[in-house]
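Descriptive analysis of the structure
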Amino acid sequence: MINKDLSRNWQKFLSFSSKVDNLDNPLEVEDKITIPLTSFETNAYLLYYLFEEISPKFINDQLNVIDIIISDYELENIVLGAFIYQMNKPGIHENIKELKKDELKLKFKDLNNNELLLNQIQKSVFKNHGIKITNFRIIKKRGLDLINRHMEDLDKLTLLGVIESFLDLIQILVKKDLLLFYPNPPVINFLKQAFNILKNLKLSKIVRYLIEVLPLSDFGIILKTKVSPILFNMNKNSQNIKHDDPNLSVNWIKIHESEDLDLDKIRAELKLKYIINLQLDILLNFLMDIIESSFPISQEKVKLISQKFLFGVRSYQNYWNISPKPLIYNGFIRFLLRIVGFNLNLQKLSHWAIPEFFFSIFNSYGGMQGNILLLLTDHENKTSPRYNLLVVQMENGFINSIEIPQSVELNLKIDNSFEELRVNASKEYGTISLIIKIDKKLIQFLLVSLIVNFYKLNIFKLLKMVKLLKNPIYFEIYPKIPFYRLIKRKKSYDLLKNLLSISIDKHEF
Amino acid sequence: MNEMTKNKNNLVAIAKGDNPQETVKNGIEKLGGISNFINKGETIFIKAYLRVPELFPVNFNFDTLTELISLCKTAGAKKVIVGSYADEDINVSSFDELLGFKHLIESLGAEFHVFQEDVEYVIKEVEGNYIKIPKIIMNCDKLFFLNQVNVHPIFQINLSLLNSYSMVTQDLQNAEKGGQEGKDYLSSDQFKHDLITNLLNVYEIRKPDLVINDFYYLLEKVGPFIFKDSNLKKVKLMVVGKNILAVDIVTLGLLNLDFLKNSLTSEARFRKFGISTMEDIQLIGENIEENKINIELTVSNLEDIPVINTDIITGQYCTGCFMEAYRFLNFLRTAMVKDLKYIITQSFLIGKNPPEPESNENVIVFGDCAINSSKNREFRRMIIKEKKLFNKPQFISKKKDNLDKKPKLKEKDNKSILELPGCPPNFYNCLSSFIKYYGKKTCPSGTFYLDMFKTYLQEKKLEEMSK
């Protein structure tokens, strides 16, 4: 019933997990395990550690769980298989025990009341096995088939293919209720609501678009943990892989306790372009803030999350670090820029004011309710389709849904003027308040400059960004709301100066 | 026309629906359908709620308008025109480029007009006042009001009576400004009285044939513009009728507001509207009691607007100054968060004889009343220690008592004062002066906003601001 590779790998992991407490130095273990539902192999203790850190926060902090596989249609007993995990630590699955056939009997109507169902399961399992179950996970047979199919395809897929297939699998399992948890973990709750907003838009499509514009290779991310730093290394140093398919490896960095992490040395050894060092705790807490948001997320909450993110960005050398050291943090360069009127001290980023400022502009000139047509163009691509359309529905200043228009007629009329496009789209989706056109080149330039080549970021790159924003080939808003009119009218130099004075605190101390 | 509705002008429908289009359609159908209001071949003017080039809900809901135009067309209207006067400082020629409404409305088979001073108008006399009204409105066969209901700082909510005001030239709208000095002007709030009188006079020139109060979505807490804390509430209701006062009274009723306590509707009862009590209105459609909802109204005291680092000190002020100060203060707290943090401290004085500010630093005196009544106030003068260009070193000083000598004090004008003149002061002038006073470096967000406003303000306003 379950894919053999998946089952074998999981058994191996369970067996390793049950031995960890007896190991003197688990960091020395060389055992390899495949990360479940992917094809990436990693150190067994590393995977164990990530489960220990992530599961209690994002999934469940209770002990002992039961996995139940159920039929897709009504039967005498819809239970096709059930497995109990006895746990000593939250998130760490150790011993697995399969329940006998018909030991647990369920009908679809039992799924209507989860609390009652948990009580029923608890009683039955405690009576037969003496284990107190605190939560259950139910997967429908169709869900299991999808997992099996995903597993079978893994070998044929590239790195990007594996990520896409995994995201598609999660989106279907959660959206179609093929996977049920009780109590419902915050992450599932969040994903369900987020997928509802995405309507017919696949998460994997967004990720593919981002990966296409971002050259994700030859870089590393180090996550500082309580045990030892973990390195996520994305490079294309292997001869066997294709140009666009980098190799991902996840491993411990073994350093002595008293030793400091030398990013420059690690970068040089691994021949990486750049390496970022983050703290796992801070990253997880930030993600928790996002995941615990209830939908629809209020604008105040989004502002708060944005403020936290920007505070993280400004906390260079406290919360994060990068090698090579970015030019922008060079005091002398900053001093010279200050002389010519630019304040570019990212450690003084006005995290408290930026979201407030941009939200107030968006509310006034984007409206608090209406539809926005997002036109993603690819000006430089002469072969494949050059447009992607998205309809973003807003209510009370929050995104209510994002949808890819299915209408052939609408897609055919993309080449018409914005006026025509607005009229046609309004007939289908209600009044379109704004059309925002963004070209792939602009998105690529923004992401590459601000992420991949952050260490090279300088005032000229920022000026180029502003110039691209002013160029209607790369960015356009219809109708020409005052915000866009101002961007078009103001000189790049003055606009950047103004935007920097809004984004960065004027006082150095 | 249906005889039943023809004789019952006080019939008001409360409509509910799953979207604005359905709701407006329901409302009109409850009144016997659009053919009860339109004869074939007629020209319809839809007076929409349109003020500044911002999007919904500052202006009307386009989905409602789309349905209304479509209904007019179905009933055989020859021509449908949508229009309004915008706020006085707005350059209307830029209006379409900013909102793109013209093409959208034309695609529905209607015309779109935002009026300027050069529009052809007729002059009408009402109670000794000469009022200019565009010919296009006077000559149309049927006049429809489409009003977006939001909270309003003076009249609780934007009533249709208020919407009717922007169908006449700016002359009248300015008539109540430039108020007179004197105790009575303020104590009797002559500004508000004049405003209401003018509003009701306008109504008498051209009565609407259909009035729609659209509050499918309603901006509550802070309005009628979108400010920090503004909340868009989905109410899913509309009130439709022929009698403007009846429609406004029912709207107030649905929002749990007493029409007798509303200065506009209570005053309107004494005019020829034919309505003085709720019993005069014949309700159809949804039940008023079952659909009542509570909304959060705007603050009624300026001191209650929480502007950071700002001490709001009020004297006796009129409605005009209140309205402009309300907009200005809410704008500061919405768009200039960063700038206010840089300012550290400021006092905002408004009205006649405002109390002394606690600090003499950054005193903003808002409006003619505050400026004129505070000419000789203490905060206008500062006592400072006199500084000598060269101080004699102590060891040279021979007399011992020189050491105990107190420094000389000198009185001079407090230059840390910003006067914002006007009765009431103009919002854009205030913002421009405010930024000039503090400087662009202290007000980066304000500068950005001001530059955005400049993209759609009239030339004469821009010249005025640059002085």
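Residues numbered from 1 in each chain as written. Chains lettered and ligands numbered in written order. Predicted model: local features only at pLDDT ≥ 70, side-chain atom pairs only at ≥ 80, totals over all residues.

A word on the overall build of chain B. Secondary structure summary: chain B contains 19 helices and 17 strands in total. Within chain B, the proportion of its 467 residues that are buried is 51%. In chain B, of all internal contacts separated by at least 6 residues, the share reaching a separation of at least 24 is 73%. (Helix = DSSP H or I, 4+ residues; strand = E, 2+ residues; numbered from the N terminus. Buried ≥ 20, exposed ≤ 12 C-beta atoms within 10 Å, placed from the backbone. Contact = placed C-beta atoms within 7 Å.)

With that out of the way, let us pick up the interface of chain B and chain A. Between chain B and chain A, the residue contacts involve 34 residues of the former and 35 residues of the latter. Broken down by secondary-structure element, the contributors of at least two residues to the side of chain B that touches chain A are helix 3 (62-74), helix 4 (95-99), helix 5 (101-107), strand 10 (231-241), helix 13 (319-335), helix 14 (337-343) and helix 18 (444-454) of chain B. With six residues, helix 18 of chain B is the single largest residue contributor to the side of chain B that touches chain A. Of the residues contributing to the side of chain B that touches chain A, the split by class is 18 nonpolar, nine polar and seven charged. (Nonpolar A, V, L, I, M, F, W, Y, C, P; charged D, E, K, R; others polar.)

With that settled, consider the packing of helix 2 (residues 44-58) of chain A against helix 9 (residues 280-291) of chain A. Residue and element names in this part refer to chain A. At a minimum axis distance of 11 Å, the contact between helix 2 and helix 9 shows a crossing angle of 20 degrees. Relative to helix 9, the element helix 2 is oriented roughly parallel. Of the two elements, helix 2 crosses helix 9, and the hand of that crossing is right-handed. Between helix 2 and helix 9, the residues in contact are Glu-53, Ile-54, Lys-57 and Phe-58 and Leu-280, Leu-284, Met-288 and Ile-291, respectively. Residue composition of the contact of helix 2 with helix 9, grouped by class: six nonpolar, no polar and two charged. (Axes fitted to C-alpha atoms, helices over the stretch in contact; angles between N-to-C directions. Parallel < 35°, antiparallel > 145°, perpendicular 65-115°, else oblique. Left-handed = near helix turned anticlockwise from the far one by under 90°.)

All names here are of chain B. What the domain assignment reports for chain B is domain 1 (3-285) and domain 2 (302-386 + 409-466). Relative to domain 2, the C-alpha centre of domain 1 lies at a distance of 33 Å. Each partner contributes residues to the interface: domain 1 has 21 residues there, and domain 2 has 20 residues. In terms of residue count, the dominant contributor to the side of domain 1 that touches domain 2 is helix 10 (residues 190-205) (three residues). A per-class count over the side of domain 1 that touches domain 2 returns eleven nonpolar, four polar and six charged. (Domains from an automatic or database assignment.)

Residues and elements named next belong to chain A. Pairing in this open sheet of five strands is mixed, and the strands run 15-14-13-16-17 from one edge to the other. Of all strands in the sheet, those bounded by a partner on one side alone are strand 15 (398-403) and strand 17 (475-478). With strand direction ignored, the average angle separating the axes of adjacent strands in the sheet is 20 degrees. The pairing of strand 13 (residues 369-377) with strand 16 (residues 432-439) spans seven bridges and is classified as parallel. Looking at the pairing, Leu-374 lines up with Ile-436 of strand 16. The strands touched by helix 14 (residues 418-429) within the sheet are strand 13, strand 14 (387-395), strand 16 and strand 17, with strand 16 carrying the most contacts at an inclination of about 125 degrees. (Pairing = 2+ DSSP bridges.)

Next up on the list: unusual backbone geometry. Following Phe-56 of chain B, the chain continues into Pro-57 of chain B via a peptide bond in cis, with omega recorded as 10 degrees. With omega at 0 degrees, the peptide bond leading from Gly-223 of chain B into Pro-224 of chain B counts as cis. Even without glycine at this site, Asn-396 of chain A takes up a positive phi of about 50 degrees. Inspection of the secondary structure puts Asn-396 of chain A in the loop between strand 14 and strand 15.

Per-residue confidence for chain A gives a mean pLDDT of 89; residues scoring 70 or more make up 96%. Overall, residues 238-243 of chain A carries pLDDT values under 50, and its contacts beyond four positions in sequence, including any with other chains, amount to three contacts. (pLDDT = per-residue confidence, 0-100.)

Residues and elements named next belong to chain B. Summarising burial for strand 3 (residues 79-85): five of the seven residues are buried, a large majority. Pairing of strand 2 (residues 43-48) with strand 3 involves five bridges; the strand directions are parallel. Following the sheet pairing, Phe-45 is matched in strand 3 by Ile-81. Sheet topology places strand 3 next to strand 4 (residues 111-115); five bridges connect them, and they run parallel. Note that in strand 4 the partner of Ser-84 across the bridge is Val-114.

The next thing to look at is the nonpolar core. With 162 residues, the main nonpolar core has Leu-146 and Phe-366 of chain B as its most contacted residues. Of all the elements, helix 13 of chain B adds the most residues to this core, at nine residues. In this structure Phe-366 of chain B touches Cys-321, Ala-325, Phe-348, Leu-349, Ile-350, Leu-420 and Pro-425 of chain B, once residues within four positions along its chain are discounted. Ile-68, Ile-78, Leu-159 and Phe-190 of chain A belong to the second-largest nonpolar core, a separate cluster that totals 29 residues. (Core = buried A, V, L, I, M, F, W, Y, C linked by C-beta atoms within 7 Å.)

Residue and element names in this part refer to chain B. With parallel pairing, the four strands of this open sheet are ordered in space as 12-13-14-17. Looking along the sheet, the strands with just one partner apiece sit at the ends: strand 12 (310-314) and strand 17 (417-420). Averaged over neighbouring strand pairs, the angle between their axes works out to 15 degrees when direction is ignored. Here strand 13 (residues 346-350) pairs with strand 14 (residues 363-366) via four bridges, running parallel. By the bridge assignment, Ile-350 is partnered in strand 14 with Phe-366.

This part takes up the domain arrangement of chain A. Residue and element names in this part refer to chain A. By the assigned domains, chain A splits into domain 1 (4-202), domain 2 (215-325) and domain 3 (354-503). Of the residues lining the interface, 17 residues belong to domain 1; the matching set on domain 2 comes to 17 residues. Listing elements by their share of the side of domain 1 that touches domain 2, those giving two or more residues are strand 2 (41-43), helix 2, helix 5 (159-175) and helix 6 (186-198). Looking at which element gives the most residues to the side of domain 1 that touches domain 2, the answer is helix 2, with six residues. Along the lines of polarity and charge, the residues of the side of domain 1 that touches domain 2 split into eleven nonpolar, four polar and two charged.

As a further point, take helix 4 (residues 141-153) of chain A. Residue and element names in this part refer to chain A. Here helix 4 is 13 residues long and its end C-alpha atoms lie 18 Å apart, about the 18 Å a rise of 1.5 Å per residue gives. Taken residue by residue, helix 4 has Gly-143, Leu-144, Ile-147, His-150 and Met-151 as its buried positions. The buried residues of helix 4 occupy an angular sector of 120 degrees when projected down its axis, which confines them to one face. Those residues of helix 4 that are buried lie in contact with helix 1 (4-19), strand 3 (65-70), strand 6 (135-140), helix 5 and strand 7 (179-182). (Expected span 1.5 Å × (residues − 1). Arc of directions from axis to C-beta.)

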